[in-house]
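For reference, the chains in residue letters:
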Amino acid sequence: MHHFSAIDGVLHAEQVPLALIAEQVGTPTYVYSRATIERHYRVVDQSLHGVDHMVCYAVKACSNLAVLQVLAQLGSGFDIVSAGELARVIQAGGDPAKVVFSGVGKQDFEIAAALQAGIYCFNVESEQELHRIEAVAQRMGKRAPISVRVNPEVDAHTHKYIATGLKTSKFGVSPAVAEAMYHHAAASPHLQVKGVDCHIGSQILQVAPFVEALGKVIELAQRLRGQGIAIAHLDVGGGLGIAYRDETPPLPDELGEALVAVAHRHQFTLVVEPGRVIVGNAGVLLTRVIGTKNNGDKRFVIVDAGMNDLVRPVLYDAWHRIDPVVSHPARTVQLVDVVGPVCESGDFLALDRLLPEVDPDELLAVYGAGAYGYSMASNYNSRPRAAEVLVDGATYQVVRQRESVQDLWRGERLL
Ligand code: LLP
């Protein structure tokens, strides 16, 4: 469900023609729909009604301040993985008391910043990290709220780069190691046990792996409760997939129902960390055709957005729908590669794609670019990063200026 659709043959974000944004802001530009973000947040939030819960939006999916602000205003919490993301949340008006801090490599300065801000919980990834957090808390005269990220060894059936719940992954610890960590934490004056955490991967298209993971997490949580360690919440991470093409992901309600039933029975608060399902389909990447060319039988459409703007196609073999912004029904359809200007063979947005014939200067919209689009962009080939725009009904705002060439060498020095 999203608010991008054609009105009189021209693609619109809500009520704003994408062609107008391209004309006024230029390309490439990420365009987000506020109504879509708000709807997705509410759907996820409501899917957990009936049980105490906290929706902690995964900042890494799309970390623009205005997007975080929209979510903060809805009451969202945030899942962060760095001091940079924490600073963004605070800058956007987010409530640190609703922040969970994930990630395998937290450093002292990041732990200190999170303790200073008063976050809700650290999702601890190793025994060493537990000791690191304890030491920082001790130095600051504080008590660090923690949950341990358990690796439930569940196969999420997703791309290998975004599966995190397998035994071979760098994330989390085994239930046995976690148990020992909880015993240590429960006895420490500088640690406070809050819950049990897991996250099994991203773009997951079934409910079953979540339920399986939750089962293992509950098993541990119940055992700990039996040993007198208070476990208030279960954090099941993020990972719910979206439809990029013809996938049929479960609705948040289907997942919510399964989670709520279990959490309710055992009187746990639920924490979820959704990223993609909230912003994925709430953004398109708007790009302009530079030209076309044929090499033998192969046809290329060369556009002004490249792998530095959207790396998902080459990194994960991701498929993103691409449509002309202005449709010309009479045009013949051709099999093309949609490629960027970057000097890499991996610089493509789509391979072997059926697309209506396009002329130079025409606009294309790349769908499903709201999550892990801009947030993974780089300056490779000294390309200034794209602008970001947030549409709200019939109006829009540039929520991040296009970078300038001078921005490219900010901080560099000539000898
Ligand atoms: N919580 C934790 C601990 C995570 O590591 C992640 C994502 C999330 C929550 C949010 O997951 P989501 O609901 O968005 O699936 N760049 C990849 C996705 C990487 C996901 C990393 N972790 C992509 O473009 O597909």
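About the thresholds
Residues numbered from 1 in each chain as written. Predicted model: local features only at pLDDT ≥ 70, side-chain atom pairs only at ≥ 80, totals over all residues. Heavy atoms only, no water. Helix = DSSP H or I, 4+ residues; strand = E, 2+ residues; numbered from the N terminus. Expected span 1.5 Å × (residues − 1). Buried < 20%, exposed > 50% of the residue type's maximum accessible area, 1.4 Å probe, protein only. Arc of directions from axis to C-beta. Contact = heavy atoms within 4.5 Å. Core = buried A, V, L, I, M, F, W, Y, C linked by side-chain atoms within 4.5 Å. Domains from an automatic or database assignment. Salt bridge = Lys/Arg side-chain N within 4 Å of Asp/Glu carboxyl O. Polar contact = N/O pair within 3.5 Å; in protein donor to acceptor, adjacent residues only side chain to side chain. Pairing = 2+ DSSP bridges. Axes fitted to C-alpha atoms, helices over the stretch in contact; angles between N-to-C directions. 1 Å grid on protein atoms, 1.4 Å probe; cavity = no way out; pocket = protein on both sides within 12 Å on 5 of 7 lines; lining within 4 Å. Points joined across faces, edges and corners; volume = space filled by probe spheres on them. Nonpolar A, V, L, I, M, F, W, Y, C, P; charged D, E, K, R; others polar.

1. Re helix 7 (residues 175-186)
- If you check helix 7, its first and last C-alpha atoms are 16 Å apart, about what 12 residues at 1.5 Å a residue would give, namely 16 Å.
- When helix 7 is considered as a whole, its buried residues turn out to be Ala-178, Glu-179, Met-181, Tyr-182 and Ala-185. Taken around the axis of helix 7, the buried residues stretch over an arc of 165°, which confines them to a single face.
- Buried residues in helix 7 make contact with strand 8 (121-124), helix 6 (127-140), strand 9 (144-149), strand 10 (191-197) and helix 8 (208-226).

2. A few points about the nonpolar core
- Ile-37, Tyr-57, Phe-122, Ile-146, Tyr-182 and Val-196 are the most contacted members of the largest nonpolar core, which totals 100 residues.
- When residues are assigned to domains, this core turns out to be shared by domain 1 (4-32 + 280-409) and domain 2 (34-276), each giving three or more.
- Setting aside anything within four residues of it in sequence, one finds Val-196 in contact with Ser-147, Val-148, Val-150, Tyr-182, Val-217, Leu-220, Ala-221, Leu-224, Ile-231, His-233, Leu-234 and Asp-235.
- If you look at the next biggest cluster of nonpolar residues, it comprises 18 residues, including Phe-4, Ile-21, Leu-286 and Ala-387.

3. Side note on the domain arrangement of the protein
- With domains assigned, the protein is organised as domain 1 (4-32 + 280-409) and domain 2 (34-276).
- With 24 residues of domain 1 at the contact, the number on the domain 2 side is 22 residues.
- Taken together, the connections running from domain 1 to domain 2 amount to one salt bridge.
- Between Arg-34 and Asp-392 there is a salt bridge whose closest N-O contact spans 3.4 Å.
- At the boundary of domain 1 and domain 2, one finds 10 residue pairs in polar contact (both at pLDDT 80 or more).
- The set of elements that each furnish at least two residues to the side of domain 1 that touches domain 2 consists of helix 11 (312-316), strand 19 (387-392) and strand 20 (395-400).
- When residues in the side of domain 1 that touches domain 2 are grouped by element, the largest group, four residues, is from strand 19.

4. So, the sheet that holds strand 9
- Taken in spatial order, the eight strands of this closed barrel run 5-6-7-8-9-10-11-12, and their pairing is parallel. Sheet twist, expressed as the average angle between the axes of neighbouring strands with direction ignored, equals 30°.
- Pairing geometry for strand 10 and strand 11 (residues 233-235), over three bridges, is parallel. Bridging from a neighbouring strand, Val-196 pairs with Leu-234 of strand 11.
- Contacting strand 8, strand 9 and strand 10, helix 6 runs over the sheet at an angle of about 150° to strand 8.

5. Examining the layout of surface pockets
- Approximately 640 Å³ is the volume attributed to the largest pocket.
- Lining the largest pocket are 29 residues, with Lys-60, Thr-164, Phe-171, His-199 and Tyr-372 positioned closest to its centre.
- Here the residues of the lining of the largest pocket sort into 11 nonpolar, 10 polar and eight charged.
- Counting only domains with at least three residues in the lining of the largest pocket, you end up with domain 1 (4-32 + 280-409) and domain 2 (34-276).
- Along the wall of the second largest pocket there are 23 residues; nearest its centre are Met-1, His-40, Ile-242, Ala-243 and Asn-281.
- The set of elements that each furnish at least two residues to the lining of the second largest pocket consists of helix 2 (34-47) and helix 9 (252-266).

6. Looking at unusual backbone geometry
- A cis amide bond links Thr-27 with the next residue in sequence, Pro-28, at an omega value of -5°.
- Tracing the sequence through the fold places Pro-28 in the loop between helix 1 (18-25) and strand 4 (29-33).
- A positive phi angle is found at Gln-203, which is not glycine, with a value near 55°.
- The buried category is assigned to Gln-203, whose relative accessible area is 10%.
- A positive phi angle, near 55°, is found at Asp-317, a position not held by glycine.
- On the secondary structure map, Asp-317 appears in the loop between helix 11 and strand 15 (322-324).
- Using a relative accessible area of 64% as the deciding quantity, one classes Asp-317 as exposed.

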